[in-house]
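Below, each chain spelled out in residue letters.
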Amino acid sequence: MKIPLMDVTRQYETIEQELTERVTGVLKSGKYIMGEQVRSFEQEFADYIGVKYAIAVGNGTDALVIALRAAEIGPGDEVITTAMSFFATAEAISAVGAVPVFVDCRKDTYTLDPDQIEERITERTKAVIPVHLYGQCADMERISQIAQKHQLLVIEDAAQAAGAEYGEKKAGAMGHMGCFSFFPTKNLGCAGDGGMITTDSEEFAKKCRAYRVHGSGEDGRFIYENQQMCPIEQMDFHGHLPKYFNFVVGYNSRLDEIQAAILRVKLRYLEEWNQRRILLAKRYDEGIKNEGVKKPFHRTDGKHIYYTYVIGVEDRDGLQEALKEQGIASGTYFPVPLHLQKVYTNLGYQRGDMPNAEYVADHSLAIPMFAELQEQEQELVIRTVNAWM
Ligand SMILES: *Cc1c(COP(=O)(O)O)cnc(C)c1O
């Protein structure tokens, strides 16, 4: 038996017919970019998350970059984020010319430790990016309180948390903006790259829409007028397409119609798939009895959707090897904490600065987790983990 860590083909098989119909429909329509599918998906996703606006973009990294640009964060600014995340979280901050300032993650949830934010705030700090790691929300209440006190923006990195909840709200509906990734293996994934920004702010929504299409058209003009602090007198596109009039330097970062059509189908199954992940996680929680294994901690005031199920073990590589011998795949999220990535050597962090993030990097192991994982497969994973010393 070969048990994958995640398996997107099994999910495809369960909805193959629906997807084929939708994708064929798009192919026949001849409308491949920014059409009806994207518009409808934006509306459906906004409704699902519980926000006013959703702006589809090319991928999750771009969602972060564009959200930061919309927040007018750039050179000279600092953004506080967690040391334990995928590189894109920090990369987006650097990409707009700002400096990522790392804080350690919590020892239990591995999400950004709110107690460490205030000591890192300077007069240059503009925003905080909490990451809803592994499908569990960060401490949004505390983080939002601190941000409000210091007039900082909160941009949620919800790339691993489509459908996760904290209190009454969904991930992506708590900060000023929320950023999602539809990379194929994410818990809501398309058949390529895709991303989304969610917000309740009309101003941020307009700015994001402008930045994703080269800063052009009416939305680009909105940014320009804002920056110049005066309206452009009698702007006239002279009958030409507004998209050929550029007001700020943006990006080409759009979701295409085929991906949107696929995501519209999948969004209808998301709750069901997330519930299944939660059930599988419960089985792991109950079945794993090895004393040497630290099981994931889930907060009681939120809904963890288990994008990954991550355990902690002293001899991580040993367990990984034992699983491999049984044909069971496992993974490390993430082997290098952001403050120790080579690219950030110049920021001056050292090993020992972020002990919790370093613990995760050295001792955490993700075991198979996806909605279509079979019970007998999970049994073998549990037995192998329990038998390992
Ligand atoms: C996947 C991911 C991203 C980036 O998404 P892409 O679509 O791959 O660009 C950003 N942040 C986190 C936490 C992620 O897991």
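Structure: above.
Model, not experiment: these values are computed from the prediction. (Residues numbered from 1 in each chain as written. Predicted model: local features only at pLDDT ≥ 70, side-chain atom pairs only at ≥ 80, totals over all residues. Heavy atoms only, no water.)

Novice: Please give an account of the overall build of the chain that cites residues and values.
Specialist: Counting secondary structure elements, the chain contains 13 helices and 13 strands. Relative to its length of 389 residues, the chain is compact, with a C-alpha radius of gyration of 22 Å against a globular reference of 21 Å. When its C-alpha atoms are laid out on the principal axes, the chain stretches across 75 × 55 × 35 Å. Within the chain, buried positions represent 56% of all 389 residues. Nonlocal contacts in the chain, meaning residues at least 24 apart in sequence, comprise 73% of its contacts between residues at least 6 apart. Taken together, the 42 basic and 56 acidic charged side chains of the chain have centroids lying 2 Å from each other. (Helix = DSSP H or I, 4+ residues; strand = E, 2+ residues; numbered from the N terminus. Rg over C-alpha atoms; globule rule 2.2 N^0.38 Å. Buried < 20%, exposed > 50% of the residue type's maximum accessible area, 1.4 Å probe, protein only. Contact = heavy atoms within 4.5 Å. Lys, Arg positive; Asp, Glu negative; His and termini not counted. Charge placed at Lys NZ, Arg CZ, Asp CG, Glu CD.)

Novice: Outline unusual backbone geometry, supporting the account with residue identities and numerical values.
Specialist: Between Y333 and the following residue, F334, the backbone shows a cis peptide bond with an omega angle of 5°. Structurally, F334 is set in the loop between α11 (316–325) and α12 (355–363). One non-glycine residue with positive phi stands out, namely M34, at about 50°. Position of M34 relative to the elements: it lies in the loop between α2 (16–29) and α3 (36–49). Of the residues examined, M34 reaches a relative accessible area of 25% and is grouped as partly exposed. For H214, which is not glycine, the phi torsion reads 65° and is therefore positive. Structurally, H214 is set in the loop between α7 (202–212) and α8 (217–228).

Novice: I'd like a description of helix α6 (residues 140–149), backed by residues and values.
Specialist: For α6, the full list of buried residues reads M140, I143, I146 and A147. The arc that holds every buried residue of α6, seen down its axis, measures 135°, which confines them to one face. Opposite its buried face, α6 presents the exposed residues E141, Q148 and K149, each directed more than 90 degrees away. In this structure, the buried side of α6 is in contact with β4 (125–129), β5 (153–157) and β6 (165–166). (Arc of directions from axis to C-beta.)

Novice: Please give an account of the sheet that holds strand β11 (residues 302–303) that cites residues and values.
Specialist: Taking strand neighbours across the sheet as the criterion, the 3 strands line up as β7-β6-β11 in an open arrangement whose pairing is antiparallel. Two strands bound the open sheet, and with one partner strand each, they are β7 (169–170) and β11. Summarising the sheet, β6 and β11 pair through 2 bridges and their orientation is antiparallel. Within β11, the residue paired with Y166 across the bridge is G302. (Pairing = 2+ DSSP bridges.)

Novice: Explain the pattern of salt bridges residue by residue, including any values.
Specialist: Using the criterion set out here, one finds 27 salt bridges in the structure. In this structure, E18 and R268 form a salt bridge, with 3.1 Å as the shortest nitrogen-oxygen distance. Pair noted here: E18 is in helix α2 and R268 is in the loop between α9 (257–267) and α10 (270–287), with a separation of 250 residues, a long-range link. Exposure remark for E18: the relative accessible area of 24% places this residue in the partly exposed category. In this structure, the salt-bridge partner of R212 is E42, at a minimum N-O distance of 2.8 Å. A residue pair is termed long-range when its members are at least 10 positions apart, and R212 in helix α7 and E42 in helix α3 qualify at 170 residues. Of the residues examined, E42 reaches a relative accessible area of 10% and is grouped as buried. Put simply, R106, D108, D139, R299 and D301 are held in one network by salt bridges that share partners. (Salt bridge = Lys/Arg side-chain N within 4 Å of Asp/Glu carboxyl O.)

That is the geometry; function is a separate question.
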